[in-house]
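The residues making up each chain are set out below.
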Amino acid sequence: MHITDRRRSLREQETFHPYTDDELEATTGEYELSERQALRRVPGLSTELTDITEVEYRQLRLERVVLVGVWTEGTQTDADNSLTELAALAETAGSQVLEGLIQRRHRPDPATYIGRGKVDDLSAVVLATGADTIICDGELSPSQLRNLEQRTKVKVVDRTALILDIFAQHAKSKEGKAQVELAQLEYLLPRLRGWGETLSRQTGGSGRGGGAGGGVGLRGPGETKLETDRRRIRHRIARLRREIKSMATVRQTKRSRRTRNAVPAVAIAGYTNAGKSSLLNRLTGAGVLVENALFATLDPTTRRATTSDGRLYTLSDTVGFVRHLPHQIVEAFRSTLEEVADADLVVHVVDGTHPDPEEQVRAVREVLAEVGADRLPELLVVNKTDATDEETMLRLKRLWPDAVFVSAHSGRGIDELREAVERRLPRPAVEVRVVLPYDRGDLVARAHRQGEVLSTAHLPEGTLLHVRVGQGLAAELAPYRAGDRLTSDERVGAGR
């Protein structure tokens, strides 16, 4: 069909639909593309219909985009939620979403992701909307990317590249930037392409053995520019891995210091935009950036907190998760995610306003299992209850009866959350009774800070403490152990 005829057909579909509602319900249930809002192309504005074989995936320019998803399993609601999340990701990256298409298939097409016939329909939508980028709701192979770009004549970006682009925009610390760059390079390496379809750029020859593509006068001992780029990327990847490993050593040293001092660690984990940073701010006054956007904060933040009886513990905010989180991100951020694996308790934050919170919980637990944190004690926290309707609240309370329901925005339920965290913190292992001289106030302070004080009394020779402490502090307190029997004065003092 000529493109003019195709445009006329699209305009006719906007004003007339040949099916009744009953007939539509009797079909296979696939998405009816004509039911979606159609946007006409504005005269005088051109799209990027130029050569797109040199797309630089590490510097995406997402402006006017069309979303494409393949519905292979689950319900239609699941497919809707997945594409809605992709739209939120695209908007976070700075693009304008014009249209969203979903195709029902048993599996994605290995050549073009959505099938050859649907590619023609997609090209017509791109022309009608004036889009310059297509974003696919899945990770595409290099051949799928190439085939879609050749057929549609615009940039094609998959879900993985989109998430990597958001991470690149939001990374602030040196470690975060290195982790994002490593993930981007590992994604880019198998997708490098040269100029054109038959010729390669040369740096002195056509490659080892004088392969095809160079032509007369170009054969020699050189190598293609593509091979040079790949070698440089591999060297950069190796260097980044060494840098991240050294940064991980520093992080491990800090964790070891906290472990040596018997300071319990609590990790706040959860889906992106579930309100983890807001919760950390509410609990500790950390002052972490809070923004209604996906992956707003990537760099982990650790803050001190104190229980009602004076014990210290740490709260750590971690990077948010998302369904189908790219494996490059999980590998690059493994040292950061190990903060969760080394914690004593995981506070799992769920967005109570999300249309599918159960899927959020499943996606988060899947990532936690990848880093070995699935065996840790978990406290489920449903956030944003101030914006959740009563019906949803009742359903979630039946689904998760042991969860704590809070609102980081209004402060509702925060006290209950603090109590729940304190109950689940590990108790010091060693119970001792000591009389500390009054000139050892440092040990008294450490006992209050690191241990659980059961009773205290002031005697003529010093402070009587009945405490539970860790092994290290118990060894330091051993020289001051009190006798097994208490005097009458000590009994009175200990009972105060």
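Whatever comes next refers back to the structure up there.
Colleague: Requested: an account of the sheet that holds strand 12 (residues 452-459), with residues and values cited.
Modeller: The antiparallel open sheet is built from 3 strands, whose spatial order is 11-13-12. The sheet is open, and its two borders are formed by strand 11 (430-436) and strand 12, each paired with just one other strand. Across the sheet, the mean angle separating the axes of adjacent strands is 10° when strand polarity is ignored. The strands that helix 15 (residues 441-450) touches are strand 11, strand 12 and strand 13 (462-469); relative to strand 13, the one it contacts most, it runs at about 30°.

Colleague: An account of the packing of aromatic side chains is requested, with residue identities and associated values reported.
Modeller: Per the stated rule, a full pass over the model turns up 0 aromatic pairs. We note R104 situated over the ring of W71; from NZ or CZ to the ring centre the distance is 4.4 Å. Just above the ring of F405 sits the side chain of K397; from NZ or CZ to the centre is 5.6 Å.

Colleague: How would you sum up the pairing of strand 9 (residues 378-383)? Please name residues and give values.
Modeller: Counting buried positions along strand 9 yields 5 of 6 residues, so the element is predominantly enclosed. Between the parallel elements strand 8 (residues 345-351) and strand 9, the chain passes through helix 12 (residues 357-370) in a crossover that is right-handed. In the classification by handedness, the crossover that spans strand 9, the intervening helix 13 (residues 390-399) and the parallel strand 10 (residues 404-405) is right-handed.

Colleague: So what's going on with the pattern of salt bridges? Which residues, and what values?
Modeller: Inspection of every chain in the model, using the stated rule, returns 19 salt bridges. Across the salt bridge formed by D442 and R440, the nearest N and O atoms sit 3.0 Å from each other. We classify D442 as partly exposed; its relative accessible area is 42%. When salt bridges that share partners are traced, they join E85, D137, R159 and R323 into one network.

Colleague: With reference to specific residues and values, describe the nonpolar core.
Modeller: In this structure, L279, F295, F321, L417 and V421 are the most contacted members of the largest nonpolar core, which totals 98 residues. Broken down by element, the residue count for this core peaks at 7 residues, all from helix 7 (residues 174-188). If you look at the next biggest cluster of nonpolar residues, it comprises 13 residues, including V430, L436, A447 and V467.

Reading guide: rules and limits
Residues numbered from 1 in each chain as written. Predicted model: local features only at pLDDT ≥ 70, side-chain atom pairs only at ≥ 80, totals over all residues. Heavy atoms only, no water. Pairing = 2+ DSSP bridges. Helix = DSSP H or I, 4+ residues; strand = E, 2+ residues; numbered from the N terminus. Axes fitted to C-alpha atoms, helices over the stretch in contact; angles between N-to-C directions. Contact = heavy atoms within 4.5 Å. Phe/Tyr/Trp six-rings, centres within 6.5 Å; stacked < 30°, edge-to-face > 60°. Lys NZ or Arg CZ within 6 Å of the ring centre and 35° of its normal. Buried < 20%, exposed > 50% of the residue type's maximum accessible area, 1.4 Å probe, protein only. Right-handed = clockwise from strand over helix to strand, strands pointing away. Salt bridge = Lys/Arg side-chain N within 4 Å of Asp/Glu carboxyl O. Core = buried A, V, L, I, M, F, W, Y, C linked by side-chain atoms within 4.5 Å.

All we've got here are geometric facts, nothing functional implied.
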